[in-house]
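One-letter residues, chain by chain:
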Amino acid sequence: MFGFDGETEGVRIILERIVSNDDSGKLTHKKVRAYARCMLAIFENLRIDTKVEAEIKLLLAALSVSGIPHYDRSFMASIILELLEESASLKTQEMSSEHF
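Residues numbered from 1 in each chain as written. Predicted model: local features only at pLDDT ≥ 70, side-chain atom pairs only at ≥ 80, totals over all residues. Heavy atoms only, no water.

The subject of this paragraph is the packing of helix α1 (residues 9–20) against helix α2 (residues 29–41). Packing of α1 against α2 leaves a shortest axis separation of 11 Å and a crossing angle of 155°. As far as their axial angle goes, α2 and α1 are roughly antiparallel. Our pair here, α1 against α2, has a crossing hand that is left-handed. Residues V11, I14, L15, R17 and I18 of α1 form the contact with α2, whose participating residues are V32, Y35 and M39. Taken together, the residues of the contact of α1 with α2 break down into 7 nonpolar, no polar and 1 charged. (Axes fitted to C-alpha atoms, helices over the stretch in contact; angles between N-to-C directions. Helix = DSSP H or I, 4+ residues; strand = E, 2+ residues; numbered from the N terminus. Parallel < 35°, antiparallel > 145°, perpendicular 65-115°, else oblique. Left-handed = near helix turned anticlockwise from the far one by under 90°. Contact = heavy atoms within 4.5 Å. Nonpolar A, V, L, I, M, F, W, Y, C, P; charged D, E, K, R; others polar.)

As structure tokens, then:
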């Protein structure tokens with residue numbers, strides 16, 4: 001997709017911004033929702049293990065909903081980061097088991 005290889009590093013960086021966002025308004029609700037909608041739009045192209053795919057997709061959809069406080073958005077973003085780590089770990093395990 002337009003030279004995008006499915007790497008999740010950019011997604012992680014955006015999620016870390018959302019996690020570190022506080023009520024100062026550096027990232028407004030509107031900006032966080034825009035990020036979430038963009039990540040949802042490319043979701044199918046991300047290299048994510050199927051075991052965590054559904055939960056990540058649900059949380060990204062929830063991030064894009066209006067009326068959610070910064071704290072809740074930050075919490076959901078931190079959970080997505082944890083799930084991305086789990087996905088990377090699962091992918092590594094799969095790759096190492098394929099070599100045996």
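As a further point, take the pattern of salt bridges. Per the stated rule, a full pass over the model turns up 3 salt bridges. Taking the shortest distance from any N to any O, the salt bridge between R47 and E7 comes out at 2.8 Å. Within this pair, whereas R47 is found in the loop between α2 and α3 (50–63), its partner E7 is found in the segment before α1, the two being separated by 40 residues in sequence. Residue classification places R47 among the partly exposed residues on the basis of a relative accessible area of 45%. Between R12 and E85 there is a salt bridge whose closest N-O contact spans 2.8 Å. Highlighted residues: R12 in helix α1 and E85 in helix α4 (residues 70–98), separated in sequence by 73 residues. (Salt bridge = Lys/Arg side-chain N within 4 Å of Asp/Glu carboxyl O. Buried < 20%, exposed > 50% of the residue type's maximum accessible area, 1.4 Å probe, protein only.)

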